[in-house]
Amino acid sequence: MHLSFALTLLTATLGLATPIEEGSSAALVAVPVEARAIDSLAATPLDKRSCSSNGCKCVKGLAQGQYCGNCVLVSNGNWVITTKRVANHVYECSPSGACCDYGAASDCGSLKARCG
């Protein structure tokens, strides 16, 4: 469930709640909450990945960014990666057509692939 949809449902149900009359006692409900320090989140850093220049090439004129090997230009149906393309790899492309390969990525090769 998407967060915005969940918040919409929560807001809708709060509007339907019956207000408590003055003078009546409301029952308190304990809700367990786990507190975490911000430093504990920083304890698991992301893995850095090197981008290897393996001779791959991108279409010239693209915006700088990451593109999966299965990305296709909408304008003409050509592959974004023109040389040494692997469908499940993610590449860094520059406007000049220069390219480097980060390697396999779980979203590449799928309909939710990074395309710029």
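Residues numbered from 1 in each chain as written. Predicted model: local features only at pLDDT ≥ 70, side-chain atom pairs only at ≥ 80, totals over all residues. Heavy atoms only, no water.

**Things to note about the overall build of the protein chain**
- Summing up its helical and strand segments, the protein chain has two helices and five strands in all.
- Beginning at the N terminus, the succession of helices and strands in the protein chain can be written as α-α-β-β-β-β-β.
- In the protein chain, buried positions account for 22% of the 116 residues.
- For the protein chain, long-range pairs separated by at least 24 residues make up 52% of all intrachain contacts whose partners lie at least 6 apart in sequence.
- Looking at the protein chain as shown, the accessible area adds up to about 9000 Å², and 60% of this sits on carbon and sulfur atoms. (Helix = DSSP H or I, 4+ residues; strand = E, 2+ residues; numbered from the N terminus. Buried < 20%, exposed > 50% of the residue type's maximum accessible area, 1.4 Å probe, protein only. Contact = heavy atoms within 4.5 Å. Areas by Shrake-Rupley, 256 points an atom, 1.4 Å probe, with all protein chains shown as cover.)

**Section: the state of the cysteines**
- Tallied over the full model, the rule gives five disulfides.
- Disulfide partner of Cys 58: Cys 93, at an S-S distance of 2.0 Å. Taking the sign of the S-S torsion, about -70 degrees here, the bridge from Cys 58 to Cys 93 comes out left-handed. Highlighted residues: Cys 58 in strand 1 (residues 57-58) and Cys 93 in strand 4 (residues 89-93), separated in sequence by 35 residues. Judged on exposure class, the residue Cys 58 and its partner Cys 93 are both buried.
- At a sulfur-sulfur separation of 2.0 Å, the disulfide partner of Cys 71 is Cys 115. Residues Cys 71 and Cys 115 are joined by a disulfide whose S-S torsion is about -90 degrees; by sign, that bridge is left-handed. With Cys 71 in the loop between strand 2 (65-68) and strand 3 (81-83) and Cys 115 in the segment after strand 5 (99-104), this residue pair connects regions lying 44 residues apart in the sequence.
- The connectivity of the disulfide-linked cysteines in the protein chain, indexed sequentially, is 1-8, 2-7, 3-6, 4-9, 5-10. (Disulfide = S-S within 2.5 Å.)

**Here we look at the nonpolar core**
- In this structure, Cys 58, Leu 62, Tyr 67, Val 80, Ile 81 and Cys 93 are the most contacted members of the largest nonpolar core, which totals 16 residues.
- Mapped by element, the contributors of at least two residues to this core are strand 2 and strand 4.
- When residues in this core are grouped by element, the largest group, three residues, is from strand 4.
- Non-local contacts of Val 80, meaning those with residues more than four positions away in its chain, are made with Lys 57, Cys 58, Val 59, Leu 62, Tyr 67, Cys 71, Val 72, Leu 73 and Cys 93. (Core = buried A, V, L, I, M, F, W, Y, C linked by side-chain atoms within 4.5 Å.)

**Section: the environment of Cys 93**
- Take Cys 93: its relative accessible area is 0%, and that puts it in the buried class.
- Along the sequence, Cys 93 and Gly 65 sit 28 residues apart, while their C-alpha atoms lie 5.6 Å from each other.
- Cys 93 has contacts with Cys 58, Leu 62, Ala 63, Gln 64, Gly 65, Tyr 67, Val 80, Ile 81 and Ala 98, leaving out every residue within four places of it along the chain.

**Considerations on the packing of aromatic side chains**
- Per the counting criterion, the structure on display carries zero aromatic pairs.
- Cation over ring: Arg 85 sits above Trp 79, and NZ or CZ is 3.6 Å from the ring centre. (Phe/Tyr/Trp six-rings, centres within 6.5 Å; stacked < 30°, edge-to-face > 60°. Lys NZ or Arg CZ within 6 Å of the ring centre and 35° of its normal.)

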